[in-house]
Amino acid sequence: MSSQFISFPKDFLWGAATSSFQIEGSPLADGAVSSDWYRFTKTPGRILNGENADTACDHYHRYPEDVALMKELGLKTYRFSISWPRVMSGRKQVNAKGLDFYRRLLGELNDAGITPNVTLFHWEVPDWAEGDWENRETAHAFRDYAEAVFKALGKEAPLWSTMNEPICVAELGRLFGVFPPGRNNDRTAYGRVTHHLNLAHAMTVQTYRQMNLPGEIGWVHSLQEIVPATSEKKDLEQAQKLLELSQGVYLGVGAGRGYPDSFFDFAGKPEGYREEDLKTIAQPVDFLGVNHYFPTYARYSPGFDAFDNDRTPPPGAPLNDLDWPVVPEVLGNLLVRLWKDYGYRKLFVTENGFSTRDSLRSPDQTVHDDARVHYLGTYLEAAHKAIQAGAPLKGYYVWSFLDNFEWAYGYDPRFGIVHVDYKTQKRSFKDSAKWYKETIAKNGFDRGALPKNPSYRYKK
Ligand code: FCB
């Protein structure tokens, strides 16, 4: 083997991730109820090109074929989410047919020897949850839903995550207007939503523990290194503020440190906030799921956005098709810092990936996504360095297994290692899927064999 071969620890969990709304389709089938995301996709002007997730990848019907593809890739683990509005048709009403879909999916995965990692909330809130996350009651409703899922399926999966990237729900929905309910700069709502998501997470962990289930439970966050754009004091202070508002408000409170002052300065005290909530939220978890794509640049620019920040990447930075900068070494630093700062005993990279508009096929009918292969290889190299430095990284999930519905961007950006032809629903392996398959089989890859001139775009 080449001297540049990067070998991963024995038992490293190689995986891929998806989420319910992005791949399943059939959002109202078999008793599933309408959700905030369902309505958002039906609201003119909200989704690029007016697209919706009514069919998406039709995974609701094609899950056996999809699990067979996962098996062919050699995936050791698969991360997916359960749709709350599919499973709970009312506050106390379990929808047996919805639950049954996930029972069948878990059955397929377990039969294929693929370890399921199940996320309970990847953003769809059922319409019956009045006031959405702005209402404290929603945290209790969520806990009840989680309990119903644990009762029915708790023993079918060894890894559970309470929620995916609560920050997106709070910020993108209430400060930046691109997620439901589509409001801008509503700091009061942002504060409440943040706090209630934390509560829902913690009560769900408590419930899982009380039920004595045999697996592990953690939470999944969008985690970025915050890089000051200059060494000027105002940018250094800005970086600190952004770090507190993105990581302090979740991981810090989870670690028993309470909310940073910057949170109350920004959002005020959430209505109904109680000091004893902090004790509830300080719940030890079994693992932290790290979703990471790019660093955030901190440049203090009053009025630029809801945080007075201009995050434009520096000129020359390689970019994906959504203009997200590609800086692989940041992932390694991030994993080491999270481990040291918060003492997590287990970390997973629960999402990492690269978007392209690679729907166009070459004459050989294959997507030659060299930039994605380069991205995955260099980010995995950084993750490997973190392991060598001692970070307890146990697995990695590429985002995404399939091309899918990318929220407000619709189907335009493609993150999959498996290409989906949305007209025929035909799936085919891109070059990146072939590369990943080989990487899993060899438990590592040759650094020297990564594409030499990856076709990134560059920031002008
Ligand atoms: C993450 C989301 C995931 C997907 C990727 C690209 O923030 O968790 O659903 O949209 O970004």
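Because the structure is predicted, anything quoted here is derived from the model rather than measured. (Residues numbered from 1 in each chain as written. Predicted model: local features only at pLDDT ≥ 70, side-chain atom pairs only at ≥ 80, totals over all residues. Heavy atoms only, no water.)

Q: Could you give me a rundown of the overall build of the protein chain, with the residues and numbers involved?
A: Within the protein chain, the regular secondary structure consists of 14 helices and 18 strands. Its C-alpha atoms give the protein chain a radius of gyration of 21 Å, near enough to 23 Å, the size a compact globule of 460 residues would have. Taking the principal axes of the C-alpha coordinates as reference, the protein chain spans close to 60 × 55 × 45 Å. Looking at the protein chain as a whole, 62% of its 460 residues qualify as buried. (Helix = DSSP H or I, 4+ residues; strand = E, 2+ residues; numbered from the N terminus. Rg over C-alpha atoms; globule rule 2.2 N^0.38 Å. Buried < 20%, exposed > 50% of the residue type's maximum accessible area, 1.4 Å probe, protein only.)

Q: So what about the site of the ligand? Which residues, and what values?
A: Near the ligand you find 13 residues, and of these Gln-22, His-122, Glu-165, Glu-351 and Glu-406 are the closest. Contacts to the ligand include Glu-406, whose side-chain N or O atom sits 2.8 Å from an oxygen atom. Take Trp-407: an N or O atom from its side chain is 3.0 Å from an oxygen atom of the ligand. Across the complex, the protein chains shield 94% of the 290 Å² of accessible surface that the ligand would expose by itself. (Near = heavy atom within 4 Å. Polar contact = N/O pair within 3.5 Å; in protein donor to acceptor, adjacent residues only side chain to side chain. Areas by Shrake-Rupley, 256 points an atom, 1.4 Å probe, with all protein chains shown as cover.)

Q: Summarise the sheet that holds strand 6 (residues 115-119); cite the residues concerned and give the values.
A: An order of 2-3-6-7-8-10-13-14 is seen for the 8 strands of this closed barrel, with the pairing classed as parallel. Strand-to-strand twist across the sheet, computed as the mean angle between neighbouring axes with direction ignored, equals 25°. In this structure, strand 7 (residues 159-164) lies alongside strand 8 (residues 216-222), joined through 4 bridges in parallel fashion. By the bridge assignment for strand 8, Asn-164 is matched with Val-220. (Pairing = 2+ DSSP bridges. Axes fitted to C-alpha atoms, helices over the stretch in contact; angles between N-to-C directions.)

Q: Residues and numbers for the packing of helix 12 (residues 329-342) against helix 13 (residues 370-388), please.
A: In contact at an axis separation of 7 Å, helix 12 and helix 13 are set at 30° when each is read in the N-to-C sense. Classed by the angle they form, the pair helix 12 and helix 13 counts as roughly parallel. Remark: the crossing between helix 12 and helix 13 carries right-handed chirality. Taking contact as the criterion, the partners of Glu-329, Leu-331, Gly-332, Leu-335 and Val-336 in helix 12 are, on helix 13, Tyr-379, Ala-382, Ala-383 and Ala-386. Split into classes, the residues belonging to the contact of helix 12 with helix 13 amount to 7 nonpolar, 1 polar and 1 charged. (Parallel < 35°, antiparallel > 145°, perpendicular 65-115°, else oblique. Left-handed = near helix turned anticlockwise from the far one by under 90°. Contact = heavy atoms within 4.5 Å. Nonpolar A, V, L, I, M, F, W, Y, C, P; charged D, E, K, R; others polar.)

Q: Summarise the pairing of strand 8; cite the residues concerned and give the values.
A: Of all 7 residues in strand 8, 6 are buried, a share of seventy percent or more. Looking at chain direction, strand 8 and strand 10 (residues 287-291) are connected through 5 bridges and run parallel. Bridged to Ser-222 within strand 10 is Asn-291.

Q: Describe the environment of Ile-82, listing the residues and the values that go with them.
A: Relative to the elements of secondary structure, Ile-82 occurs in the loop between strand 3 (77-81) and helix 4 (84-87). C-alpha of Ile-82 to C-alpha of Leu-331: the two residues are 249 residues apart in sequence and 27 Å apart in space. With residues near it in sequence (within four places) discarded, Ile-82 still touches Ser-20, Val-87, Tyr-102, Val-118, Thr-119, Leu-120, Tyr-145, Val-149, Leu-153 and Trp-160.

Q: Describe the pairing of strand 13 (residues 347-351), with residues and values.
A: Within strand 13, 5 of the 5 residues are buried, which leaves the element mostly enclosed by the surrounding structure. Bridge count between strand 10 and strand 13: 4 bridges; the pairing is parallel. Each residue of the ladder has a partner; that of Val-290, found in strand 13, is Val-349. The sheet contact formed by strand 13 and strand 14 (residues 393-399) spans 3 bridges and is parallel. The residue of strand 14 that forms the bridge with Val-349 is Tyr-396.

Q: Before we move on, can you summarise helix 6 (residues 137-153) with the specific residues and values?
A: Because an α-helix completes one turn every 3.6 residues, residues spaced three or four positions apart along the sequence face the same direction. The end-to-end C-alpha separation of helix 6 is 24 Å, in line with the 24 Å expected for 17 residues at 1.5 Å each. Those residues of helix 6 lying buried are Thr-138, Ala-139, Ala-141, Phe-142, Asp-144, Tyr-145, Ala-146, Ala-148, Val-149, Phe-150 and Leu-153. (Expected span 1.5 Å × (residues − 1).)

Q: Any chance you could break down the packing of aromatic side chains for me, citing the residues and the numbers?
A: With the rule as written, the count across this model stands at 51 aromatic pairs. When the centroid spacing of 5.9 Å and the interplanar angle of 50° are considered together, the rings of Trp-84 and Trp-133 count as tilted. Of this pair, Trp-84 sits in helix 4 while Trp-133 is found in the loop between strand 6 and helix 6, placing the two residues 49 residues apart along the sequence. Relative accessible area serves as the criterion here: at 1%, Trp-84 is assigned to the buried category. Residue Trp-133 is classed as buried on the basis of its relative accessible area, which comes to 0%. A ring pair is formed by Phe-142 and Tyr-145, whose centres lie 5.4 Å apart and whose planes are at 65°; its orientation type is edge-to-face. Here Tyr-145 and Phe-142 lie together in helix 6, a separation of 3 residues that amounts to about one turn. Ring-pair connections join several aromatic residues into one group, and the members of that group are Phe-21, Trp-37, Phe-40, Trp-123, Phe-179, Phe-405, Trp-407, Tyr-411 and Tyr-422. Here Lys-269 stacks its cationic end above the ring of Phe-264, 4.9 Å away from the centre of that ring. (Phe/Tyr/Trp six-rings, centres within 6.5 Å; stacked < 30°, edge-to-face > 60°. Lys NZ or Arg CZ within 6 Å of the ring centre and 35° of its normal.)

Q: Explain the environment of Leu-223 residue by residue, including any values.
A: Counting through the fold element by element, Leu-223 comes out in the loop between strand 8 and strand 9 (226-228). Looking at Leu-223, the relative accessible area reads 0%, which means it is buried. Here the alpha-carbon distance between Leu-223 and Pro-295, two residues 72 residues apart in the chain, equals 8.8 Å. For Leu-223, the contacting residues outside a window of four places in its chain are Gln-247, Leu-251, Leu-288, Gly-289, Val-290, Asn-291, His-292, Leu-334 and Leu-338.

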